[in-house]
Amino acid sequence: QVHLVESGGGLVQAGGSLRLSCAASGRTFSNYAMGWFRQAPGKEREFVAISWGGSSTYYTDSVKGRFTISRGNAKNTVYLQMNSLKPEDTAVYYCAADDENTIVLVTSPTEYNYWGQGTQVTVSS
């Protein structure tokens, strides 16, 4: 049973930073893509960043240069360092994971079978 647990959300002023963590358990994650999506009120869940293949990463355009995704040494933890936060970054952030060999479109939430419970990030102006 795969289990993902996020932590690190909170309230921060615009321009501030937060670091999200996601700890995965239940299997070996070295061949799993792990990443982050977010969902703002009234909006669809959207892709933020993904890590796969050991060192490959990909970001949505709106966070490039501000957010950094990384994996822990054991590959069962994924982090999202968020700098220069903006009010439009406010959302519930979800950790997602799945076997990278089964993923066709990394930006689509439907490609991922495993999700965390979400952590709220609120950026005040």
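The paragraphs below set out a description of the structure included in this document. Treat the numbers as computed from the prediction; the structure is a model and nothing was measured. Here the residue index of a chain counts from 1 through its sequence in written order. Totals for whole chains, interfaces and linings use every residue, but because this is a predicted model, local features are given only for residues with pLDDT of at least 70 and side-chain atom pairs only at 80 or more, for both listing and counting. In computing side-chain properties, one takes all heavy atoms of the structure into account and sets aside hydrogens as well as water.

Our next topic: the overall build of the protein. Along the protein, the regular secondary structure elements total 0 helices and 11 strands. Compactness check: the protein gives a C-alpha radius of gyration of 13 Å against a globular reference of 14 Å for 125 residues, within 12% of the reference. The dimensions of the protein, computed from C-alpha atoms along their principal axes, are 40 × 25 × 25 Å. Only protein chains enter the accessibility calculation, which uses a 1.4 Å probe. A residue is then buried if its area is under 20% of the maximum for its type, exposed if over 50%, and partly exposed in between. Within the span of the protein, comprising 125 residues, buried residues form 43% of the whole. Between the averaged position of the 10 positive side-chain charges in the protein and that of its 10 negative side-chain charges there is a distance of 6 Å. Runs of H or I in DSSP of at least four residues are treated as helices and runs of E of at least two as strands, each being numbered from the N terminus. Only the C-alpha atoms count toward the radius of gyration. The rule for a globule is 2.2 Å times the residue count to the power 0.38. His is not counted here, nor are the chain ends, while Lys and Arg score as positive and Asp and Glu score as negative. To locate a charge, the coordinates of NZ of Lys, CZ of Arg, CG of Asp or CD of Glu are taken.

Attention now goes to unusual backbone geometry. Positioned with a positive phi, Lys75 is a non-glycine residue whose angle comes to about 65°. The residue Lys75 is located in the loop between strand E7 (67-71) and strand E8 (77-82) in this model. The partly exposed category is assigned to Lys75, whose relative accessible area is 25%. Phi is positive for Ser84, close to 50°, though the residue is something other than glycine. Here Ser84 shows up in the loop between E8 and strand E9 (91-99).

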